Amino acid sequence: MEMVPRKMQSRATRHIFSASDDTVMTKQIRATHAPIEEHVDARPLLYVVQDIFRQAASLIPDIVQGKQVQMGAMKDNTNESDLFDMLEISYHTINKISCEISCKCLMGGGDAHATTIGILGMLSSYSWDAKAVIALAAFAANLGEFWLVAQLYATNRLAKSVALLKHIHETLNHVDDLGPKFEAVNNLLKAMLDVTNCIVEFHELPDQYIDYEAPETQTASSLIPSAVYWTIRSIVACASHILGIIGLGQGYMTSTIETWELSSLTHKLDNMNGHLQKQLSICRQHLDDNKQREAFQTLCHLFETSHQDNIQVLKALIRCKDDPLPLFNGSTKQRVSIEVLRKKIVLLYITDLHHISDQEVVIFEQMFQESRQDSTRLESQYELVWIPVVEKGTAWTESKLKFEKLQSMMPWYSVYDPSLLEPATIRYIKEVWLFNTKPMLVVLDPQGKVVNLNAVHMMWIWGSMAYPFSSLREEALWKEETWGLALLADTIDPLLFDWVSTGKYICLYGGDDMEWIRKFTSAAKSMARTLQIPLEMMYVGKSNPGQKVRKINKTIYEENLSSILADPTIIWFFWVRLESMWHSKLQQSKTVENDQIMLEIMRILSFDSSDQGWAVISQGTVKMTQGKGDSFLKCLNEFDEWKDNVNDKGVLPAMDDYIQGIQQPHHCNRLILPGVEGTIPDKIVCAECGQPMEKFYMYRCCNE
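Only a predicted model underlies this, so the values are computations on that prediction, with no experimental measurement involved.

Enquirer: Quick one: what's the story with the overall build of the chain, residue by residue and with numbers?
Expert: Secondary structure summary: the chain contains 27 helices and 12 strands in total. Across the 704 residues of the chain, 51% fall into the buried class. A fraction of 73% describes how many contacts in the chain between residues 6 or more apart in sequence connect residues 24 or more apart.

If you want it as structure tokens, here you go:
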């Protein structure tokens, strides 16, 4: 099978034609083909031919109008050494074919088919792409010589003398009808170049990714020899036509028949080019599939192998069409290479562009900047890299504005152009790291080994204190934690620490029932006055806070009902952090049956999922009383029923006992979790009664 790849020429020749194609002509073409093993890169010579044809076409209008012509500079697409190598091998062949074309045409054209087969015989040792390019080069040498003389004829004595000897002067003295006569030639030249370019592109496809037995490869291989034949035959027709125009063809003059022949050949080559382009597109798709399959397997192997540092792994993962500067430094606003990450702990922040919010970036930015305040701190010794997952085929122009907006908010590294990430990288992130839509934080140690598949929950819970963000560190941090206000609220508001340090009772409450909020805050303040205890209250809203929570915040502030978290981003963070605790515990295989913190987290989350309010009251950072809105309000309203137990038990234990006592035996709890596919367990038990909860599906798009 003779195909684009050079190395397969000798063993593949027998596959060139299908049985249905085995005509007398195709047998003749095949009989001329005896390629040598050494392949010649035809692209540099093709650039020269293209330039000659382009310059010649641009000269015609000026010469017809009698203007002095200024030649444009040649676009340098070639490597001179490659061109010289090609010419060294093909120079004599180009001259022989050039003479052959001139002689046959001067003798009246002859048998075009026989001339074409003869030229193919001269080119027998070359690959199909080189045959077409060398034949075009031989023709371009003659055509270029004619137009060079025509360009200089009016101003250069040497050119005028050459024109006299070559009988070009008569044509140039009658230029009025030169333009229309060359129109058909120019159309055919373009068609020949299009077909030849396509054939060369086939031969430039990398051998290692081509399946030579694939139907699309076989089809392309069967089309190429015929396309080369008709390209050379078109060269012969063009040469005869041009010689007729300039009067060198022994009185031969162009006629409608000759013009029709050129138009027919143009049509034939255009059709061939269409078929070749279709097969080229199919071959490229299969080639890319094979290439990406190999790249994916390489990634799998690299992440399973030990390395001295992380560079090889990161370069394979963050390949952007071989861009040497694939990263963008958000602090300096400069493009940088992968080398800036060498031997660093690297956190890969993986998101799409639809499920990453401004709030998330703002909180991340605050944590990142805080870790960088003291570069000597251990917690600052890591780098963060944002990898946005952009699906292949996604209209990048539509997503680019959002990407650039988010990127401008990030002081860490990010992929400079995520649309250039290799499909193999996206596949690996999805299939191996199980990325779906929720942001994740994959942690690589200095040797490029994955030490935590998703540390985003660690980051939300402990911030940079989670360094080095490994699974072992996560397990150790949980062993140090106990349930209480310090874990629940952490640093959401500086007021909390002031209240804790002064020994105040602290009440956090949420929900979106404004009437319940008014009754609850009033009853809580009344109880505090009666017991003469210092009570501070703070509204923490609901998860996924929207406009309704903003209105409630405004009302609470205006009516002076309690303190509030004025920034919606902090409200969002409070709930995301709580949800992260649930996910983190779940990753550690904890349940409400075997883990107290998991039980308390589930309670708060189920409170938020209900339609009513909820509250927790704490003194210090350990003991905490919590309950649903109706139970808590009932407890406060019936203060006289349990106030006598305060002296013996304390305020919070007495309140807790009463709330447990009035708990309805028959209750309905809801738990809405922002789960990631594959991480939600099949069985979840109620945090109140321990019974399995029934699973439902909810689809939500709004923030209310």
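Enquirer: Give a detailed account of the environment of glutamine 55, specifying residues and quantitative values.
Expert: Secondary-structure assignment places glutamine 55 in helix α3 (residues 43-64). Judged by relative accessible area, glutamine 55 falls into the buried class, the value being 12%.

Enquirer: Any chance you could break down the sheet that holds strand β7 (residues 450-452) for me, citing the residues and the numbers?
Expert: On the basis of which strands lie adjacent, the open sheet formed by seven strands has the order β2-β1-β5-β4-β3-β6-β7 and mixed pairing. Strands at the two margins of the open sheet, each flanked by one partner only, are β2 (334-336) and β7. Each neighbouring strand pair of the sheet contributes to a mean axis angle of 35°, computed without reference to strand direction. As defined by bridge partners, strand β4 (residues 382-388) adjoins strand β5 (residues 413-415) across two bridges and the pair is classed as parallel.

Enquirer: Before we move on, could you go through the nonpolar core and cite the residues and values that matter?
Expert: The biggest cluster of nonpolar side chains holds 105 residues, and the ones touching the most others in it are Leu508, Tyr509, Phe520 and Met655. Residue contributions to this core peak at 11 residues, all from helix α22 (residues 568-587). When residues of this core are assigned to domains, at least three fall in each of domain 2 (310-467) and domain 3 (485-693). Not counting residues within four places of it along the chain, the set of residues in contact with methionine 655 comprises Met527, Ile617, Thr625, Phe632, Cys635, Leu636 and Trp642. Judged by nonpolar contacts, the second largest core, of 67 residues, contains Trp128, Ala137, Ile235 and Leu276.

Enquirer: Before we move on, could you go through the packing of aromatic side chains and cite the residues and values that matter?
Expert: Each aromatic ring pair is characterised by the separation of its centres together with the angle its planes make. On inspection of all chains with the given rule, the structure shows 28 aromatic pairs. The interplanar angle of 70° and the centroid separation of 5.9 Å between the aromatic rings of tryptophan 460 and phenylalanine 573 together place this pair among those described as edge-to-face. In this pair, tryptophan 460 is assigned in helix α16 (residues 456-462) and phenylalanine 573 in helix α22, connecting sequence segments 113 residues apart. Taking the relative accessible area as the measure of exposure, tryptophan 460 reaches 4% and is therefore buried. It is arginine 427 that lies over the ring of phenylalanine 296; its NZ or CZ is 3.7 Å from the centre. The residue whose ring lies beneath lysine 585 is tryptophan 478, and the NZ or CZ to ring-centre distance is 4.3 Å.

Enquirer: I'd like to hear about the pattern of salt bridges, residue by residue, with values.
Expert: This model, assessed by the stated rule, comprises 26 salt bridges. For aspartate 51, the salt bridge goes to arginine 54, with nearest N and O atoms at 2.4 Å. On the criterion of helical spacing, the pair formed by aspartate 51 and arginine 54 is a turn pair, its members being three residues apart in helix α3. For aspartate 51, a relative accessible area of 9% gives the class buried. Look at the salt bridges and you will find they share partners, linking Asp309, Lys315, Glu339 and Arg342 into a network.

Enquirer: Could you give an account of the sheet that holds strand β12 (residues 624-628), naming the residues involved and the relevant values?
Expert: Strand order in this open sheet of five strands is β10-β9-β8-β11-β12, and the pairing throughout is mixed. A strand with exactly one partner marks an edge of an open sheet, and here the two such strands are β10 (563-564) and β12. Sheet analysis places strand β9 (residues 535-539) next to β10, joined by two bridges and oriented parallel. The partner of methionine 538 across the bridge, within β10, is serine 563. In this fold helix α20 (residues 514-531) packs onto β8 (505-510), β9 and β11 (614-619), with an angle of close to 165° to the strand it touches most, β9.

Enquirer: Provide a residue-level description of the packing of helix α24 (residues 629-637) against helix α27 (residues 651-661), including the pertinent values.
Expert: Contact geometry for α24 and α27: axes closest at 9 Å, N-to-C directions at 120°. Judged on the interaxial angle alone, α27 and α24 are oblique. Crossing handedness for the pair α24 and α27: right-handed. Residues Ser631, Phe632, Cys635 and Leu636 of α24 pack against Met655, Tyr658 and Ile659 of α27. Among the residues making up the contact of α24 with α27, the classes are represented as six nonpolar, one polar and no charged.

Enquirer: Go over the layout of surface pockets with me, naming the residues and quoting the values.
Expert: As a volume, the second largest pocket reaches approximately 440 Å³. Taken together, 19 residues make up the lining of the second largest pocket; nearest its centre are Met367, Trp462, Gly463, Asp490 and Thr491. Listing elements by their share of the lining of the second largest pocket, those giving two or more residues are α13 (358-371), α16, α18 (485-489) and α22. Considering only residue class, the lining of the second largest pocket consists of 10 nonpolar, four polar and five charged. Split by domain, the residues of the lining of the second largest pocket number at least three in each of domain 2 (310-467) and domain 3 (485-693).

Enquirer: I'd like a description of unusual backbone geometry, backed by residues and values.
Expert: Cis geometry is found at the peptide bond from tyrosine 467 to proline 468, where omega equals 5°. One can find proline 468 in the loop between α16 and α17 (471-480). The backbone of lysine 333 shows a phi angle near 60°, a positive value even though the residue is not glycine. Mapped onto the elements, lysine 333 comes out in the loop between β1 (327-329) and β2. A relative accessible area of 42% means that lysine 333 is categorised as partly exposed. Phi is positive for glutamine 532, close to 55°, though the residue is something other than glycine.

Enquirer: Run through the pairing of strand β6 (residues 440-444), naming residues and quoting values.
Expert: For β6, the tally of buried residues reaches five of five residues, placing the bulk of the element in the interior. What you see with β6 is no split at all: Met440, Val442 and Leu444 on one side and Leu441 and Val443 on the other are buried throughout. Across five bridges, the pairing between strand β3 (residues 345-351) and β6 is antiparallel. In the strand pairing of β6, tyrosine 349 is matched with leucine 441. Relative to β7, β6 is paired through two bridges, and the arrangement is antiparallel. Bridge pairing in β7 links leucine 444 to valine 450. Here β6 hands over to β7 after five residues, with glycine 448 in that stretch at a positive phi of 85°.

Enquirer: For the side chain of arginine 43, give the residues involved together with the corresponding values.
Expert: Here arginine 43 is to be found in helix α3. We classify arginine 43 as buried; its relative accessible area is 12%. A distance of 2.8 Å separates the side chain of arginine 43 from the side chain of asparagine 197, its partner in a polar contact. Apart from residues no more than four positions distant in its own chain, arginine 43 is found in contact with Asn197, Val200, Glu201 and Glu204.

Enquirer: An account of the packing of helix α2 (residues 24-31) against helix α5 (residues 112-122) is requested, with residue identities and associated values reported.
Expert: At a minimum axis distance of 9 Å, the contact between α2 and α5 shows a crossing angle of 30°. Compared by their axis directions, α2 and α5 come out roughly parallel. Contacts between α2 and α5 involve Met25, Gln28 and Ile29 from the first element and His113, Ile117 and Leu120 from the second. Per-class residue counts for the contact of α2 with α5 are four nonpolar, two polar and no charged.

Calculation rules
- Residues numbered from 1 in each chain as written.
- Predicted model: local features only at pLDDT ≥ 70, side-chain atom pairs only at ≥ 80, totals over all residues.
- Heavy atoms only, no water.
- Helix = DSSP H or I, 4+ residues; strand = E, 2+ residues; numbered from the N terminus.
- Buried < 20%, exposed > 50% of the residue type's maximum accessible area, 1.4 Å probe, protein only.
- Contact = heavy atoms within 4.5 Å.
- Pairing = 2+ DSSP bridges.
- Axes fitted to C-alpha atoms, helices over the stretch in contact; angles between N-to-C directions.
- Core = buried A, V, L, I, M, F, W, Y, C linked by side-chain atoms within 4.5 Å.
- Domains from an automatic or database assignment.
- Phe/Tyr/Trp six-rings, centres within 6.5 Å; stacked < 30°, edge-to-face > 60°.
- Lys NZ or Arg CZ within 6 Å of the ring centre and 35° of its normal.
- Salt bridge = Lys/Arg side-chain N within 4 Å of Asp/Glu carboxyl O.
- Parallel < 35°, antiparallel > 145°, perpendicular 65-115°, else oblique.
- Left-handed = near helix turned anticlockwise from the far one by under 90°.
- Nonpolar A, V, L, I, M, F, W, Y, C, P; charged D, E, K, R; others polar.
- 1 Å grid on protein atoms, 1.4 Å probe; cavity = no way out; pocket = protein on both sides within 12 Å on 5 of 7 lines; lining within 4 Å.
- Points joined across faces, edges and corners; volume = space filled by probe spheres on them.
- Polar contact = N/O pair within 3.5 Å; in protein donor to acceptor, adjacent residues only side chain to side chain.

These results come straight from atomic positions and should not be treated as a statement about function.
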